[in-house]
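One-letter residues, chain by chain:
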Amino acid sequence: MSRWAIGLWLAFIVACIFVISRTEFSTDLSAFLPRSPTPAQQVLVEQLREGVVSRLILVGLEGATPEILANTSKQLAAQLRTQADFVSVNNGEHVGEDKDHDFLWKNRYLLSPAITPAHFSVAALRNSLEEALQLLGSPAGTLVKKILKDDPSGELIRLLEQLEGQARPAMQEGVWFSKEGKRALLVLQTKAAGYDIDAQESAIAVIQSTFARVAGHDTSVQLQLSGPGVFSVSTRERIKGDAWRFSLIATVLIACLLLLVYRSFRVLILGLLPVASGALAGIAAVSLGFGSVHGITLGFGATLIGEGVDYAIYLFTQIAPSVAPKTTFKRIWPTLRLGVLTSICGFSAMLFSGFPGLAQLGMFSIVGLIVAVTVTRWVLPALLPQGFTARAVTSVAPTVMALVKRAPVLRIPLLLLVASAFVVLIVLSQRGPLWSDELSSLSPLPKADQLLDEQLRNDIGAPDVRYLIVVNAKDAEAALQASENIAVVLGQMTIKGALQGFESPATYLPSLQMQRVRQAALPTTEVLRENLQLALRELPFQPDLFKPFLENVAQAKTQPLSTRSNLQGTNLALKLDSLLVKRAHGWAAMLSLRGVTDPEAITREIAKLPGPQAIMLDMKYESDQLYQTYRHGALTFSMLGGIAIVILLFANLRSPRRVFEVLAPLAAAVIIVTCVLVLNGHMLSIFHLVGLLLVVAVGSNYSLFFDRPCDTSEDRERMLVSLLFANIATMIGFGLLSFSHVPLLKAIGSTVGMGAILSLVFSAILIVRQENKPIEKAKSKV
């Protein structure tokens, strides 16, 4: 049987390694978004994954004189514009705008929103000519003088003003600068989507290497980068670094603990086998179940080291002299099995949460623990040295027993402490929410990075992307037509002060229907000539000056309509592609709003429009709703997991009193840990909830062993010492995570580290069992 068990175990490990060798590892944080979001949240998720905002990289240059910064900006932009990683590189220079102006010029009568039959009346033409006379003396005079004979109605000027309606950074030395003039600014848009972190990392490397060449030996200029892609890359590196570093440190420290306690390299290696096997099985299971493994799941593997090694410690430490390991394991197996099942109930809350990232963590933990305890059950006893026993028990046991015997005197103080903590939580919950309802609480970014991003966005005058109107349609033409209808309403709402402005895809490419309407509004040459002659009376223009104007209008009346292909190679195409996107079923047009002061009024007005339904999307509201849905779902499944644990304990212990005694230390630990976190200024997040689940999962092993009756005092001594060693191992595994820079790992580490030790101490205080008195005998006396 032992040989078969070892053979099967080795075959299983080889199979896991084979699966892992073909596994794809990801760091896409959208894995922690729900599987089935609402339509509005689906738009939000798409924007987070691949929207134009996710592709922006903000660049700041500072530390030198404005002349040096401007020169560096120009050289850096010039070289980056030749790189395939970027679709646009803007620093305020008028580079690459020739194609934009050429497109606007050739299509001005199809693009201009002013084109109506009345626009070419005598009065309208005279007004346009008088405005042109005034502009000749303004800074725009050079451009007006150049185009006046072709465009006296001012369509190009009108289009340029419309496109430049967005907030722009200050200009200095011919490039963008911050308001105080200390930082030169660039805005880059990557070719790859924001979720493609490898491509984002490559783009960032190109920026850094190009900057190094441009700056040369001048170390005064400092490069600053920010944006979603930069954050994704730095977060991945942080997760990888923490996962590797803490796993390594935890492994070394736990190995030292095992070596110190058991004084055998063979036993040390055997003690790590369940953990290693569980980790490999967990990764392989997640790979097979989800198609890829998230980096955070790997980081969570460090926590498995802490709990998975407990099973081996329970076995090694509780082996009595002259007793076979198999006999010892059979004795502790019922309690250990119940502890594993309790942990599985707790982790199931994550498995069924509906969030792929959290479900990965649940599956990893459940499979890992099952494999770890299975290896401990059937493989380790066969590999342990004959006659092995933990000598450290003899030296530690008297102290542990003395502490455990005195522990019950702390029952009253503990009850008062728990009651006080509970009251504190009730009082604090009345003053404000204990749980964070904002998605930003999940942000893995250091405060310094968040501050830099805020500064660069303010300097650049990045548009307010909080409000977005999204309209879904069967095709691009229908989406553009709906955008034009919405734009009419938004224009009226702008006049009323409900918003300051908006950006529509139809600005860059009107629908074919609108282009035909504008073509039809153009007058015939005869009518236009007559109206123009009347409008020119008493104005200082030569009669034949506007002959090109007549020819251009005649050509525009029959020119082919403009399509997306006509925009190819222009910066305007990038704008259009970011606002008009093809989705799985149809197309979506997005209109970004600026300076919204009355979102309710805008929502009401656009709801009255016929045609495809438009959604007014508040990005902050939807992101917070997304997180609240996330948290509520996790809380619900946690409660179901807790109920499952209670049912499981009732089914096995068959005693309400014993169930209460097993759960009481865990409940006390959860209340105290929660109170400590809140009093230390933490807004509880989904990560703390996961940590509290782990406190129950880990702590249940302690309370169950404390509850288990022992045949002899020596058995009880070994059992208590094994709990102490296991607790130290758990503390190492989870406690290290509290030093992580990743919020998820840090929250789980600090919560479980504190909760594990409290669960052990509270079990000693609240659960009293007498040696040599099995529970059945004790019950009969009662």
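Below is a summary of the structure that appears in this document.

Parameters at a glance
- Residues numbered from 1 in each chain as written.
- Predicted model: local features only at pLDDT ≥ 70, side-chain atom pairs only at ≥ 80, totals over all residues.
- Heavy atoms only, no water.
- Helix = DSSP H or I, 4+ residues; strand = E, 2+ residues; numbered from the N terminus.
- Buried < 20%, exposed > 50% of the residue type's maximum accessible area, 1.4 Å probe, protein only.
- Contact = heavy atoms within 4.5 Å.
- Phe/Tyr/Trp six-rings, centres within 6.5 Å; stacked < 30°, edge-to-face > 60°.
- Lys NZ or Arg CZ within 6 Å of the ring centre and 35° of its normal.
- Pairing = 2+ DSSP bridges.
- Salt bridge = Lys/Arg side-chain N within 4 Å of Asp/Glu carboxyl O.
- Polar contact = N/O pair within 3.5 Å; in protein donor to acceptor, adjacent residues only side chain to side chain.
- Core = buried A, V, L, I, M, F, W, Y, C linked by side-chain atoms within 4.5 Å.

Observations regarding the overall build of the protein chain
Here comes step 1: If you tally the helices and strands in the protein chain, you get 31 helices and 13 strands.
Here comes step 2: The 782 residues of the protein chain split such that 53% are buried.
Here comes step 3: Within the protein chain, counting contacts between residues at least 6 apart in sequence, those at least 24 apart form 83% of the total.

Regarding the packing of aromatic side chains
Here comes step 1: Inspection of the entire model under this criterion finds seven aromatic pairs.
Here comes step 2: Its end group placed over the ring of Trp 105, Arg 108 keeps NZ or CZ at 3.8 Å from the ring centre.
Here comes step 3: Note that Arg 245 overlies the ring of Phe 246, its terminal NZ or CZ placed 5.4 Å from the centroid.

Comments concerning the pairing of strand 12 (residues 586-594)
Here comes step 1: Judged by how many residues are buried, strand 12 sits mostly within the fold: eight of nine residues are covered.
Here comes step 2: Bridge count for strand 9 (residues 467-473) against strand 12 is six bridges, and the pairing is antiparallel. Bridge pairing in strand 12 links Leu 468 to Ser 592.
Here comes step 3: Two strands pair when backbone bridges link them, and strand 10 (residues 501-503) and strand 12 are joined in this way by three bridges, in the antiparallel orientation.

So, the pattern of salt bridges
Here comes step 1: Applying the stated criterion across every chain, the model contains 12 salt bridges.
Here comes step 2: Between Glu 93 and Arg 81 there is a salt bridge; the shortest N-O distance is 3.8 Å. Of this pair, Glu 93 sits in the loop between strand 3 (86-90) and helix 4 (98-106) while Arg 81 sits in the loop between helix 3 (66-80) and strand 3, and the two are 12 residues apart along the sequence.
Here comes step 3: A relative accessible area of 28% means that Arg 81 is categorised as partly exposed.
Here comes step 4: The closest approach of N and O atoms between Arg 657 and Glu 661, which form a salt bridge, is 3.1 Å. Of the two residues, Arg 657 and Glu 661 both sit in helix 27 (residues 656-679), four residues apart, roughly one turn of that helix.
Here comes step 5: Residue class for Arg 657 comes out partly exposed when judged on its relative accessible area of 38%.
Here comes step 6: Residue class for Glu 661 comes out buried when judged on its relative accessible area of 13%.

So, the side chain of Arg 183
Here comes step 1: Take Arg 183: it is sitting in strand 6 (residues 183-190).
Here comes step 2: Within polar-contact distance, the side chain of Arg 183 engages the side chain of Glu 62 at 3.2 Å.
Here comes step 3: Not counting chain neighbours up to four residues away, the residues in contact with Arg 183 comprise Gly 60, Leu 61, Glu 62, Trp 176, Phe 177, Ser 178, Gln 224, Leu 452, Gln 455, Leu 456 and Asp 459.

Some points on the nonpolar core
Here comes step 1: Tyr 262, Tyr 314 and Phe 316 are the most contacted members of the largest nonpolar core, which has 118 residues in total.
Here comes step 2: Excluding residues that lie within four positions of it along the chain, Tyr 314 makes contacts with Ile 332, Leu 336, Asn 701, Tyr 702, Phe 705, Ser 722, Leu 723 and Ala 726.
Here comes step 3: Tyr 109, Leu 125, Ala 573 and Ile 602 belong to the second-largest nonpolar core, a separate cluster that totals 62 residues.

Quick look at the pairing of strand 11 (residues 580-583)
Here comes step 1: Judged from the four bridges that link them, strand 11 and strand 12 form a sheet pairing that is antiparallel. Looking across to strand 12, one finds that Leu 580 is bridged to Ala 589.

Nothing here speaks to function; it is all geometry.
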